[in-house]
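Take a look at the letters that make up each chain.
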Amino acid sequence: DVKVTQSSRYLVKRTGEKVFLECVQDMDHENMFWYRQDPGLGLRLIYFSYDVKMKEKGDIPEGYSVSREKKERFSLILESASTNQTSMYLCASSFKENIQYFGAGTRLSVL
Amino acid sequence: DAKTTQPPSMDCAEGRAANLPCNHSTISGNEYVYWYRQIHSQGPQYIIHGLKNNETNEMASLIITEDRKSSTLILPHATLRDTAVYYCIVRATNTGNQFYFGTGTSLTVIP
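Below you will find a few notes about this structure. (Residues numbered from 1 in each chain as written. Chains lettered and ligands numbered in written order. Predicted model: local features only at pLDDT ≥ 70, side-chain atom pairs only at ≥ 80, totals over all residues. Heavy atoms only, no water.)

**Some points on unusual backbone geometry**
Keep this limit in mind: In this text, helices come from DSSP runs of H or I with a minimum length of four residues, and strands from runs of E with a minimum of two, each type numbered from the N-terminal end. Each residue gets one of three labels from its accessible area relative to the maximum for its type: buried under 20%, exposed over 50%, partly exposed in between, using a 1.4 Å probe on protein chains only.
Phi is positive for Lys53 of chain A, which is not a glycine, with a value near 65°. Topologically, Lys53 of chain A is positioned in the loop between strand E5 (42-49) and strand E6 (56-57). Its relative accessible area of 57% is what places Lys53 of chain A among the exposed residues. In the Ramachandran plot, Arg68 of chain B falls in the positive-phi region, its phi being about 65° despite a non-glycine side chain. Following the sequence through the fold, Arg68 of chain B ends up in the loop between strand E6 (61-64) and strand E7 (70-75). In this structure Arg68 of chain B comes out as buried when scored by relative accessible area, which is 10%.

**Concerning the interface of chain B and chain A**
Test applied: In this description, contact between two residues means that some pair of their heavy atoms is separated by no more than 4.5 Å. The term salt bridge refers to a side-chain nitrogen of Lys or Arg lying within 4 Å of a carboxyl oxygen of Asp or Glu. In protein, a polar contact requires one atom able to donate a hydrogen and another able to accept it; more generally it is a pair of N or O atoms within 3.5 Å, and residues adjacent in sequence count only if both atoms are side-chain atoms. Residues are grouped as follows: Ala, Val, Leu, Ile, Met, Phe, Trp, Tyr, Cys and Pro are nonpolar; Asp, Glu, Lys and Arg are charged; every other residue, Gly included, is polar.
The partner chain A presents 21 residues to the 20 residues of chain B that form the contact. Scanning the region where chain B abuts chain A turns up zero salt bridges. For the pair chain B and chain A, the interface holds four residue pairs in polar contact (both at pLDDT 80 or more). Those elements that provide at least two residues to the side of chain B that touches chain A are strand E3 (31-38), strand E4 (45-50) and strand E8 (84-92) of chain B. Broken down by class, the residue content of the side of chain B that touches chain A amounts to eight nonpolar, eleven polar and one charged.

**Overview of the state of the cysteines**
All names here are of chain B. Keep this limit in mind: Pairs of cysteine sulfur atoms within 2.5 Å are what we label disulfides.
In the structure shown here, the tally under the stated rule is two disulfides over all chains. Sulfur-sulfur distance for the disulfide between Cys22 and Cys88 comes to 2.1 Å. For the disulfide bridge between Cys22 and Cys88, the dihedral angle about the S-S bond is near -80°, and by the sign convention the bridge is left-handed. Of this pair, Cys22 sits in strand E2 (residues 18-23) while Cys88 is found in strand E8, placing the two residues 66 residues apart along the sequence. Residue Cys22 is classed as buried on the basis of its relative accessible area of 1%. Classification of Cys88 as buried rests on a relative accessible area of 2%.

**A word on the sheet that holds strand E8 (residues 73-78) of chain A**
Residues and elements named next belong to chain A. Short version of the rule: Two strands qualify as a pair provided that DSSP identifies no fewer than 2 bridges between them. Axes here mean lines fitted to C-alpha atoms, for a helix over just the part in contact, with angles spanning 0 to 180 degrees between N-to-C directions.
Strand order in the open sheet formed by four strands is E1-E3-E8-E7, with antiparallel pairing between adjacent strands. Only two strands of the sheet have a single partner each, and these edge strands are strand E1 (4-6) and strand E7 (64-70). On average, each strand axis in the sheet is tilted by 20° relative to the strand beside it, whichever way the strands run. Of the strand pairs in this sheet, strand E3 (residues 19-25) and E8 are connected by six bridges, and their pairing is antiparallel. When the sheet's bridge partners are listed, Phe20 is paired in E8 with Ile77.

Listed below in structure tokens is the structure:
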């Protein structure tokens, strides 16, 4: 089975803190994605990566950056967390253009 | 990607078949129909996908009409653990990588 692992299920941070969300996949997938999910807004794509050291902006990249130094790991970085970044964050991976497999999600609260 | 329309909620008795409909009247010839589900506070889980033929796997069956303008996801013997939000997504595999999740159908399996 494909496994996408997100480092934390729940995270509480303070405004202005730098936050790292880590995601690891074990299926040698080229593509990895970060989404956020908010009530009434569905899933929105923040960033994605189709290869090591490559990244592309999604629909809502402002306030976020990403890092992909190894194929299996894709990190989402909040440089200076704000309260409007309180959300559920979901990581996914896929092989080429095919099915995306999601992690369990990280529920981030910024106080 | 083509827009999809799903009923906001449905109930199903435990042990019965759950039939979840999806309309996608503007679907293009190269677009697949994907189904995901999301159990509360977890990441979306891939269920099944198809292009024009009916598909079956260990989780569900997917019935696509001949004109491809609608489809039905069938859970043959619903259990309480099938209570979730079910998303129907139409997407071409050569587009810009992301899945657009709408609001889905909230399925409640009743004991």
